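# What the coordinates show
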Amino acid sequence: MGFARTCSVALIGVEGVVVEVQADLEPGVAAFTLVGLPDKSLTESRDRVRAAVVNSGAEWPQKKLTVGLSPASVPKSGSGFDLAVAAAVLGAAERIDPRAIADLVLIGELGLDGRVRPVRGILPAVLAAADAGYRQVVVPEQTAGEAALVPGVSVLGVRSLRQLIAVLTDEPVPEEEPTEAGRPDAMLAGLLIPGAGLGTGLATEPTDPAEGPELADVAGQHRARRALEIAAAGSHHLLLSGPPGAGKTMLAERLPGILPPLTRHESLEVTAVHSVAGILPPGEPLVRRAPYCAPHHSATMQSLVGGGNGLPRPGAVSLAHRGILFLDEAPEFSGKALDALRQPLESGHVVIARAAGVVRLPARFLLALAANPCPCGRHTLLGSGCECPASLVRRYQARLSGPLLDRVDLRVEVEPVTRADLLGQGSRGETTAAVAARVQEARTRAAARLADTPWHVNSEIPGHELRTRYLAAPGALALAERDIERGLLTARGLDRVLRVAWTVADLAGHDRPDSQDIALALEMRTGITRGVPVGAGGLA
């Protein structure tokens, strides 16, 4: 009797579980049985593995073969187990030493000719293997750079099963013919899901923010520009409301350019989600810029928070993790889809329960909303001829529910652009680089203050800590206390005002928020003018 075992990884959402792949050969009628709760694509690996082994020059064992995937209670899907199954079978047949593969983690799909094809989710799979104590992994050559992002793990990238057999048996490694220059590489087809990355901005967003949309091209809109800067500095949620053509979408598209680059830890989180979702561009194993996701208003609740057949897949809130989720024409989204955002806005993750299992996906994003005042968009314009009945306007504005708006820190009315600003007669706003540098300085101040805490930006600080540990200047909360007494501010609203005030203080270089910082935070939330001056750029 021949027996061998090796390891692979099963992905559940963006978390991995190390799976032991066991192969057992017994005398009897030649048969291939695969057990361990495999799905359809994994069951088909029997034919792929058999053809790949034979076409790689190895002999297929003519015995009763049983391959088990343990633990059997964990659902397993995808074709990434092919390489591990083939290695276990060859180990049981004594073509390779079973001891050489016992502590290996192998991930990859096999073609019928023995080539190793890349699969999605390599980074979270290797992270799970490293957490489980494994230090050697074998992956397709095209994804070796992605696997190498995990520290402390030795990565071997192979192009074919023949190369893997040669490495494990100390034989000369055969050279595989590379793809001819100018011809498409069919091996990369498994990495990208057609259409999965639409709206994320990854395919078109430049790696250098200087090449993106320029903030100085926005005419006027000094108050909205200030709100954009505050939102980027403290990762605060933002609502831009105003008539069509005022520049709401134009402003939101320039928000990614002023966000700081992702830290190493954040980059790994974002890359893991995008790898599982199938939107990680080939040749760029690490996402360094904050993602920008802008789904159409016809998006369903499942496409926003995650879903799909079987185990749920990441939705827009997870694709925008550590970046921006922009909902243009927000009132046109379904009420169910919008209210589904309330839980991830508070917790920074989304838990999706389906019949196939429960998945926890990261979802800490900056929400930017753009909305018109009424269906025709001319309700707030004097002499514009808006004919929408008052009841229709109320119903339209009520599509953004109170609980959702209570979680939005900054609410800004975007006024129509004046003739002087549009024709270049007004003062030109600051450039993206200048605002981004100020945002980076504010983030640095906040990071120094929060160095010994689990939080990184002001929007993550709990309300209890804001009221007991990070106190504002004496007497600075007088306006906020008055708004609470008048019912203009809720308890959650006060916490969010304090968070915004700390961000304003960081941008202004203050040690802690003063009365002017609190007044600006209140004005940005309630829309009631507090007499705070608005400059052409920067914070006064």
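Located above this text is the structure these notes cover.
Residues numbered from 1 in each chain as written. Predicted model: local features only at pLDDT ≥ 70, side-chain atom pairs only at ≥ 80, totals over all residues. Heavy atoms only, no water.

### Digging into the overall build of the chain
Looking only at helices and strands, one finds 23 helices and 16 strands in the chain. In terms of principal-axis extent, the alpha carbons of the chain reach across some 85 × 50 × 45 Å. Going through the 540 residues of the chain one by one, you find that 51% of them count as buried. Considering only contacts in the chain between residues 6 or more positions apart, those separated by 24 or more positions represent 72%. When the accessible area of the chain is evaluated, it comes to approximately 23,600 Å², of which 52% is carbon and sulfur surface. One finds the centroid of the 54 positive side-chain charges in the chain at a distance of 6 Å from the centroid of its 59 negative side-chain charges. (Helix = DSSP H or I, 4+ residues; strand = E, 2+ residues; numbered from the N terminus. Buried < 20%, exposed > 50% of the residue type's maximum accessible area, 1.4 Å probe, protein only. Contact = heavy atoms within 4.5 Å. Areas by Shrake-Rupley, 256 points an atom, 1.4 Å probe, with all protein chains shown as cover. Lys, Arg positive; Asp, Glu negative; His and termini not counted. Charge placed at Lys NZ, Arg CZ, Asp CG, Glu CD.)

### A closer look at the pairing of strand E8 (residues 136–140)
For E8, the buried fraction is high: four of the five residues fall into the buried class. Pairing of E8 with strand E9 (residues 154–158), which is carried by five bridges, proceeds in the parallel orientation. In the strand pairing of E9, Val138 is matched with Leu156. (Pairing = 2+ DSSP bridges.)

### Some details on the environment of Tyr292
Position of Tyr292 relative to the elements: it lies in strand E11 (residues 292–293). For the pair Tyr292 and Ala252, spaced 40 residues apart in sequence, the C-alpha to C-alpha distance is 9.8 Å.

### Points about the pattern of salt bridges
As enumerated under the stated definition, the model contains 25 salt bridges in all. With a closest N to O distance of 2.7 Å, Asp82 and Arg48 form a salt bridge. Placement of Asp82 in helix H3 (residues 82–92) and of Arg48 in helix H2 (residues 45–55) is noted, with a sequence separation of 34 residues between them. Considered together, Asp82 and Arg48 belong to a single accessibility category, that of buried residues. (Salt bridge = Lys/Arg side-chain N within 4 Å of Asp/Glu carboxyl O.)

### Let's talk about the layout of surface pockets
The computed volume of the largest pocket comes to approximately 850 Å³. Ser235, Arg322, His456, Val457 and Glu460 are, among the 34 residues lining the largest pocket, the residues nearest its centre. At the level of secondary structure, the elements contributing two or more residues to the lining of the largest pocket comprise helix H11 (264–277), helix H15 (342–347), helix H19 (432–449) and helix H22 (491–508). The class makeup of the residues in the lining of the largest pocket is 16 nonpolar, nine polar and nine charged. By volume, the second largest pocket amounts to about 700 Å³. Lining of the second largest pocket is provided by 33 residues; of these, Leu11, Ser77, Gly78, Arg120 and Arg313 occupy positions nearest its centre. Of the residues forming the lining of the second largest pocket, the biggest block, four residues, is contributed by strand E1 (residues 2–12). Looking at the lining of the second largest pocket residue by residue, the classes come out as 18 nonpolar, ten polar and five charged. (1 Å grid on protein atoms, 1.4 Å probe; cavity = no way out; pocket = protein on both sides within 12 Å on 5 of 7 lines; lining within 4 Å. Points joined across faces, edges and corners; volume = space filled by probe spheres on them. Nonpolar A, V, L, I, M, F, W, Y, C, P; charged D, E, K, R; others polar.)

### A short note on the packing of aromatic side chains
Inspection of every chain in the model, using the stated rule, returns three aromatic pairs. Centre to centre, the rings of Phe32 and Trp60 are 5.7 Å apart; their planes meet at 40°, and the pair counts as tilted. Separated by 28 residues along the polypeptide, Phe32 in strand E3 (residues 31–35) and Trp60 in the loop between H2 and strand E4 (64–70) bring together distant segments of the chain. With 6.2 Å between their ring centres and 85° between their planes, Tyr470 and Trp502 make a pair best called edge-to-face. Here Tyr470 is found in the loop between helix H20 (463–468) and helix H21 (478–486), whereas its partner Trp502 is found in helix H22, with 32 residues between them in sequence. Comparing Tyr470 with Trp502 shows no difference in burial state: the two are buried. (Phe/Tyr/Trp six-rings, centres within 6.5 Å; stacked < 30°, edge-to-face > 60°.)

### Looking at the environment of Arg95
Structurally, the position occupied by Arg95 is in the loop between H3 and helix H4 (98–101). In this structure, the C-alpha to C-alpha distance between Arg95 and Glu465, residues 370 residues apart in sequence, is 62 Å. Discounting chain neighbours no more than four positions away, the residues touching Arg95 are Leu90, Ile165, Thr169 and Glu171.

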